[in-house]
Amino acid sequence: MAATTSGALTKRQMRGRRLTRGGRRSLTAYLFLAPALILYLAFVIRPTVELFGLSAFDWNGVNPTREFVGFDNFARLFADPLFWRSLGNNLIFVVLLVAFNVTVGLITASALARAMRGRLIYQLIFFLPVVQASIVTALVWKWIYQPEGLLNNALEAIGLGFLSHGWLGDPNTALPALALAAAWSGFGLSVVIFLAGIQSIDQSLYDSAKMDGANTRQMFMNVTVPEMRPVITVVFLLEMIGAFQTFDIVWATTRGGPVNSTEVLASFMFKRGFTDAEFGYGASIAVIFMMIVLVAAIISLLLRERNED
Amino acid sequence: MKRGTGVNTQHSRRRRVTAVAGAAVASLALVACGGGAEESGDEVLNIWYGSEPGQKDAMTSLIAQWDEEHPEVSVEITAMGPELNPPSLLPALSSGEGPDLWAGNLGSSQSQAFIDAGLVHDLTPAYCKSNWNKMIPDELAVIATSDDKMWAVPNSIESTGMFYRKSIFEKLGLSVPTTWEDFVSVVDELKNNGYPTPIGAAGQDAWPVSHLLGAMWSGAVGPDGVNEILFGDGTWTSTGMTEATEEFEKLADAGAFGPDPLSYTYQATMADLYNGVVPMTYTGGFVIPDAQAGAGENFDDIGVFALPTVNGGPISANASPGEGWYINANSKQADAAEDLLNYLFFTDENRTKILEGGLVPVGPVDLDQVELPSLLEELLAEQNKYRDNGVVPAFFELTAPASIGEAMMTSEQGILAGSTSADELLQTLQSTWETEKQAGKIISSSGAPKC
Amino acid sequence: MASLAPAARRTTPGMRGFWQRRGGKVVLYTYLTVLALFSLAPLALAWSTAFKTKAQVVSNPYGLPLPPAFENLAEAWTSGRFSQYFLSSLIISLLSVFAMVIVAPLAGYGLARMKFWGRRLVVVVLLIGLTIPITAIILPLYTIMRDLHLLNTYWSVVITHVAVGGPFFAFIMRAFFMRLPEALADAARIDGCSELRVFWNVMLPLVRPGVLTVALLEFLWSWNNLILPLVFLTSENVRTLPVGMLLLTGRFSTDYGLLSAAVLILSLPVIVLFVLFQRNFIEGLASGAVKG
């Protein structure tokens with residue numbers, strides 16, 4: 001060590017200095033992040049970790065003693081037909097909602113981009129439902145879907161009375177009806193995001209596509225969609241996570257009925273945990289629930305990164 | 001008038017006003033982040049209502065009266081609808097918080113969990129010492145009992161029956177049916193004479209359907225049969241149960257519950273009964289205070305009859321406790337809360353007041369002394385007519401774990417939708433029952449606590 | 001496009017071309033108007049019902065409330081205790097906004113402008129937070145709040161709002177900071193400013209629209225949240241509007257006039273805010289999503 005050359009020493013000193021500077025930088029950065037991170041770790045991550053712990057117990061949520069059962073709750077869950085039903089319903093709900101919000105959102109945004117007159121007012125109207133509380137959405141739509149409610153009266157008024165229906169009472173229509181209510185409260189958000197995306201597309205791309213003789217469909221598919229891909233991923237991700245976590249709108253309308261046709265993971269979990277006082281089991285549902293959302297989110301994020309490369 | 005037309009609901013206004021008045025102890029001045037009642041010096045007795053609307057009137061004024069007579073304690077009532085109780089109570093109690101006294105579901109899984117966790121105050125000493133045992137009939141006390149201890153005071157005795165519109169029956173020349181065949185032909189007559197929904201089922205909420213099917217079951221198997229199933233070795237798939245369920249399925253298939261039984265909530269169904277759109281619906285006395293206000297001038301036109309049995313067996317009376325009043329084991333005000341319960345439910349004067357409010361308190365009451373709503377009087381008379389044949393539970397699901405109640409509601413909706421058969425419903429219940437029995441989660445037959 | 005020859009237009013109409021032709025315009029505005037009706041009708045139903053008497057609700061369910069009656073609003077506001085619920089909601093939302101506009105820009109700046117050890121891990125951990133449903137962790141959270149003696153205080157809800165929403169708003173702020181030229185900060189650093197000064201004096205004033213967006217969205221979310229106040233705030237003194245609204249749906253009857261009044265009271269403040277700050281709401285959200 002004593003025989004180190006001056007050159008090596010300089011290198012070491014340099015490295016040391018760099019590390020110190022890097023370390024100080026990291027420290028500063030963490031100071032900036034501290035308030036958010038501390039709150040987040042203490043009030044989101046910690047209860048989540050505790051939840052994973054709970055899923056290994058047979059516990060009613062209140063008893064001072066709880067029995068360790070390992071993975072029994074998960075075994076029971078995978079054998080529970082209602083779990084698979086809820087998962088299936090949830091997937092259908094996600095697909096319906098995401099499909100509606102992405103397609104209607106894209107079409108509406110491209111229409112708005114062309115509508116010089118009244119763009120702001122339309123945008124305002126589409127966004128009004130987005131700022132409503134979910135409890136408002138649920139209660140107002142429950143009212144609309146009644147057998148003598150607004151929807152059936154409107155259908156009758158335009159001569160489609162034969163379609164009128166107890167929308168939330170029919171196991172075949174209850175889930176799509178709730179998805180439509182959720183779409184009502186959500187599509188405005190995707191419209192404004194898509195509109196911003198379209199407006200940031202370089203106009204010359206359209207012009208050159210037109211020079212090459214592209215038609216509407218081709219321009220949409222060859223310019224709009226590829227240019228919008230990152231935005232579509234974001235909307236897709238936001239809508240998917242939101243749709244998976246749907247609870248308020250189900251709870252305040254059908255509570256999972258009729259005949260379990262609107263049971264989703266969150267309501268299934270809530271019933272087991274709170275109504276049946278099976279908190280350990282409820283926790284295992286929550287764990288699987290989170291895993292699914294997480295895996296889906298990671299996959300779409302990875303797809304997004306690949307697209308950006 | 002078409003189904004589902006709104007009905008004047010003046011009553012709901014009054015109900016909320018009272019609910020609010022009870023809690024008016026706390027002032028609007030609260031701005032900071034305090035919360036809870038911090039009234040100087042006083043000990044506070046916190047009460048959560050999970051009670052049905054309408055009951056609040058009589059109960060709230062009695063509680064206020066008690067509050068006045070007890071200056072050392074100040075009562076604070078938090079209005080808790082049926083929506084708010086379950087999600088709020090569990091975390092609160094499990095954390096050693098929560099109300100001193102609350103009204104909640106009897107026999108539910110959640111209540112049993114609280115009892116198992118030692119969070120509920122043992123009422124057995126008061127039950128024995130204050131002679132509550134002489135007031136509460138054993139068959140009702142059982143439901144509030146586990147491990148030979150009394151955990152709750154039943155709020156009321158509830159009975160059910162087929163509520164109907166007298167003028168519609170008169171107009172069509174129909175008389176109150178006493179046999180199942182009569183009943184089926186009444187349904188047919190109504191259906192063929194401008195009433196597409198002869199019986200309002202309230203299938204969207206499902207629990208009202210459980211009352212009807214439960215009544216058909218207990219009619220078919222009788223009091224002994226019910227006890228066999230709930231406390232003995234009987235099965236849910238026995239002959240009587242099967243007959244009753246198949247009759248229910250036949251009714252559904254024949255359109256007795258209308259074209260869209262699953263689309264109507266209980267509220268919508270009752271509004272239709274008040275408006276004379278639906279001529280019959282099966283429900284309980286708990287709706288009477290509401291009906292009085294909701295039906296307006298049509299209230300006197302509503303009658304009630306006991307449902308005939310599907311197999312011609314004798315009709316029994318039915319009774320179940322309504323909600324139960326529980327005291328928090330961690331409450332510092334347990335003595336005061338016991339005193340309040342004693343005051344509300346076990347003094348003659350106040351029992352009469354509760355009865356006048358349209359709610360039948362548990363235990364003997366002198367009906368001649370009070371002016372009752374006509375419908376309640378009719379319901380009680382109908383019950384007394386069949387009391388000699390024994391008493392069956394009005395709420396079948398109350399005596400079973402929550403999973404049974406849920407399985408009942410789901411399968412009933414399935415029958416109404418035509419996707420489940422009577423057989424499948426009973427099979428589901430039997431297998432759920434066996435699972436719960438194995439897990440030791442069914443109510444024991446030990447009877448009321450011994451004093 | 002106007003310069004395109006008629007023949008060319010026939011062969012290559014293009015999307016813009018289509019929308020700009022006369023028939024296209026009719027289709028365009030018909031489509032937008034139908035969709036606008038879909039958006040507006042449910043709210044119009046509730047808002048107009050709020051001004052109807054009980055008799056009008058039955059006799060004239062879909063018409064205009066003429067003459068307008070204020071009994072539902074008055075009743076909800078006074079005897080329905082909505083004035084008090086309103087105050088609770090307002091306090092919770094304002095406290096949440098205040099906390100969030102401090103926490104989110106700091107974190108967003110750290111994420112956008114600093115290279116630090118473990119950055120990737122922090123980003124991933126924060127992203128995971130976006131996928132955790134509050135319903136799932138409500139019971140463990142409740143125990144934590146109890147141990148901190150925060151139950152039935154506004155803080156329990158405020159802290160959870162900020163903790164749960166923190167990652168999302170940090171990412172929004174990050175998108176705003178990333179758009180600023182690095183040279184700005186470097187210039188300030190050369191002048192000897194500390195990192196906090198750079199943030200406070202140079203960078204933060206430039207992302208004011210972003211901060212406003214965060215404030216508006218946080219207000220919206222905490223104003224509308226149901227599950228947290230439902231579970232944490234069981235005392236009536238601190239009850240919020242959405243919980244109060246849940247109380248209005250009884251088992252026996254629903255008073256639609258009163259329910260509609262509650263809808264109006266709950267939605268009016270956010271709508272006023274939204275109309276006033278439409279650009280910030282929309283541009284903030286959109287730029288966060290498009291450029292983040």
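Residues numbered from 1 in each chain as written. Chains lettered and ligands numbered in written order. Predicted model: local features only at pLDDT ≥ 70, side-chain atom pairs only at ≥ 80, totals over all residues.

If you tally the helices and strands in chain C, you get 16 helices and zero strands. Counting across all 292 residues of chain C, residues that qualify as buried make up 55%. Long-range pairs, those at least 24 residues apart, make up 77% of the contacts in chain C between residues at least 6 apart in sequence. (Helix = DSSP H or I, 4+ residues; strand = E, 2+ residues; numbered from the N terminus. Buried ≥ 20, exposed ≤ 12 C-beta atoms within 10 Å, placed from the backbone. Contact = placed C-beta atoms within 7 Å.)

Moving on: the overall build of chain A. Scanning chain A for helices and strands turns up twelve helices and two strands. Start at the N end of chain A and walk to the C end: the helices and strands fall as α-β-β-α-α-α-α-α-α-α-α-α-α-α. In terms of overall size, chain A is more extended than a compact globule, its C-alpha atoms giving a radius of gyration of 26 Å where 309 residues would be expected to give roughly 19 Å. Its C-alpha atoms put chain A at 100 × 75 × 30 Å along the principal axes. Evaluated residue by residue, chain A yields a buried proportion of 50% over its 309 residues. Counted over contacts in chain A with a minimum sequence separation of 6, partners at least 24 positions apart contribute 71%. (Rg over C-alpha atoms; globule rule 2.2 N^0.38 Å.)

Another aspect to go through is the pairing of strand 1 (residues 43-49) of chain B. All names here are of chain B. Burial runs high along strand 1: five of the seven residues are buried. The sheet contact formed by strand 1 and strand 2 (residues 73-79) spans seven bridges and is parallel. Paired with Val 44 across the strands is Ser 74, a residue of strand 2. As paired elements, strand 1 and strand 3 (residues 101-104) share two bridges and run parallel to each other. Pairing of Trp 48 across the sheet is with Trp 102, part of strand 3. (Pairing = 2+ DSSP bridges.)

For the rest of this paragraph, the subject is the domain arrangement of chain A. Structurally, chain A comprises domain 1 (2-40) and domain 2 (80-308). Computed over C-alpha atoms only, the centres of domain 1 of chain A and domain 2 of chain A are separated by 47 Å. (Domains from an automatic or database assignment.)

With 317 residues, the main nonpolar core has Met173(C) and Ala262(C) as its most contacted residues. With 17 residues, helix 7 (residues 174-199) of chain A is the single largest residue contributor to this core. Excluding anything up to four places from it in sequence, Met173(C) contacts Ala104(C), Pro105(C), Gly108(C), Tyr109(C), Val207(C), Gly210(C) and Val214(C). (Core = buried A, V, L, I, M, F, W, Y, C linked by C-beta atoms within 7 Å.)

On the chain A side, the residues contacting the 79 residues of chain C number 75 residues. The biggest single contributor to the side of chain C that touches chain A is helix 3 (residues 22-50) of chain C, with twelve residues. Considering only residue class, the side of chain C that touches chain A consists of 60 nonpolar, 16 polar and three charged. (Nonpolar A, V, L, I, M, F, W, Y, C, P; charged D, E, K, R; others polar.)

A pair of packed helices is characterised by two quantities: the angle between their axes and the separation of those axes. Residue and element names in this part refer to chain B. Running from amino to carboxyl end, helix 10 (residues 207-231) crosses helix 17 (residues 402-417) at an angle of 95°, the nearest separation of the two axes being 9 Å. Judged by the inter-axis angle, helix 10 sits roughly perpendicular to helix 17. Two secondary-structure elements touch here, helix 10 through Trp 207, Val 209, Ser 210 and Leu 213 and helix 17 through Gly 405, Met 408, Met 409 and Glu 412. The class makeup of the residues in the contact of helix 10 with helix 17 is five nonpolar, two polar and one charged. (Axes fitted to C-alpha atoms, helices over the stretch in contact; angles between N-to-C directions. Parallel < 35°, antiparallel > 145°, perpendicular 65-115°, else oblique.)

What follows is about unusual backbone geometry. Cis geometry is adopted by the peptide bond preceding Pro258(A), which originates at Gly257(A) and carries an omega value of -15°. As for its position among the elements, Pro258(A) is in the loop between helix 10 (248-251) and helix 11 (265-275). Here the residue pair Leu66(C) and Pro67(C) is connected by a cis peptide bond, since its omega of -10° sits within 30 degrees of zero. Even without glycine at this site, Asn131(B) takes up a positive phi of about 65°. With respect to the helices and strands, the residue Asn131(B) is situated in the loop between helix 5 (124-129) and helix 6 (132-135).

The next point concerns the confidence of the model for chain A. Residue and element names in this part refer to chain A. Overall, the prediction assigns chain A a mean pLDDT of 84, with 91% of residues at 70 or greater. In the model of chain A, helix 1 (residues 6-54) stands out as the element of lowest mean pLDDT, 76, in contrast to helix 2 (residues 72-78), which has the highest, 94. For residues 1-18, every residue scores under 50 in pLDDT, and the model assigns this stretch one contact once sequence neighbours within four places are set aside. (pLDDT = per-residue confidence, 0-100.)

Residue and element names in this part refer to chain B. Strands sit in the order 2-1-3-14-6 across an open sheet of five strands; the sheet is mixed. Two strands in the sheet have a free side with no partner beyond their single neighbour: strand 2 and strand 6 (153-154). Helix 14 (residues 334-345) rests against strand 1, strand 2, strand 3, strand 6 and strand 14 (324-327) of the sheet, and its axis sits at about 160° to strand 14.

All names here are of chain B. Pairing is mixed across the open sheet formed by four strands, whose spatial order is 9-10-8-11. One side of each edge strand has no neighbouring strand; the edge strands of this open sheet are strand 9 (199-200) and strand 11 (302-305). Note: strand 9 against strand 10 (residues 280-284), two bridges, orientation parallel. By the bridge assignment for strand 10, Gly 200 is matched with Thr 281. Taken strand by strand, helix 10 contacts strand 8 (160-165) and strand 10, and its axis lies near 90° from that of strand 10.

To continue, consider the packing of helix 6 (residues 82-113) of chain C against helix 9 (residues 154-178) of chain C. Residues and elements named next belong to chain C. For the pair helix 6 and helix 9, interaxial distance at closest approach is 6 Å and the crossing angle is 35°. Remark: the crossing between helix 6 and helix 9 carries right-handed chirality. Looking at side-chain class alone, the contact of helix 6 with helix 9 contains 23 nonpolar, five polar and two charged residues. (Left-handed = near helix turned anticlockwise from the far one by under 90°.)

For the rest of this paragraph, the subject is the environment of Pro364(B). Along the chain, Pro364(B) turns up in the loop between helix 15 (348-356) and helix 16 (374-386). Taking the C-alpha atoms as reference points, Pro364(B) and Gly284(B), 80 residues apart in sequence, are found 19 Å from one another.

Of all eight residues in helix 4 (residues 109-116) of chain B, seven are buried; the element is thus mostly enclosed. Residues of helix 4 of chain B that are buried include every one of Ser109(B), Gln110(B), Ser111(B), Gln112(B), Ala113(B), Phe114(B) and Ile115(B), and no others.

All names here are of chain C. When the pLDDT values of chain C are averaged, the result is 82; 88% of them are 70 or greater. Within chain C, helix 6 carries the highest mean pLDDT (93), whereas helix 1 (residues 6-11) carries the lowest (35). Reported confidences for the modelled complex are a pTM of 0.83 and an ipTM of 0.84.

Bringing helix 12 (residues 266-275) of chain B into the picture now. Residue and element names in this part refer to chain B. Counting buried positions over the ten residues of helix 12 gives ten, a clear majority of the element. Among the residues of helix 12, those classed as buried are Tyr 266, Gln 267, Ala 268, Thr 269, Met 270, Ala 271, Asp 272, Leu 273, Tyr 274 and Asn 275. Contacts from the buried residues of helix 12 go to strand 8, strand 9, helix 10, strand 10 and helix 13 (288-294). Just downstream of helix 12 lies Gly 276, where phi reads positive at about 75°.

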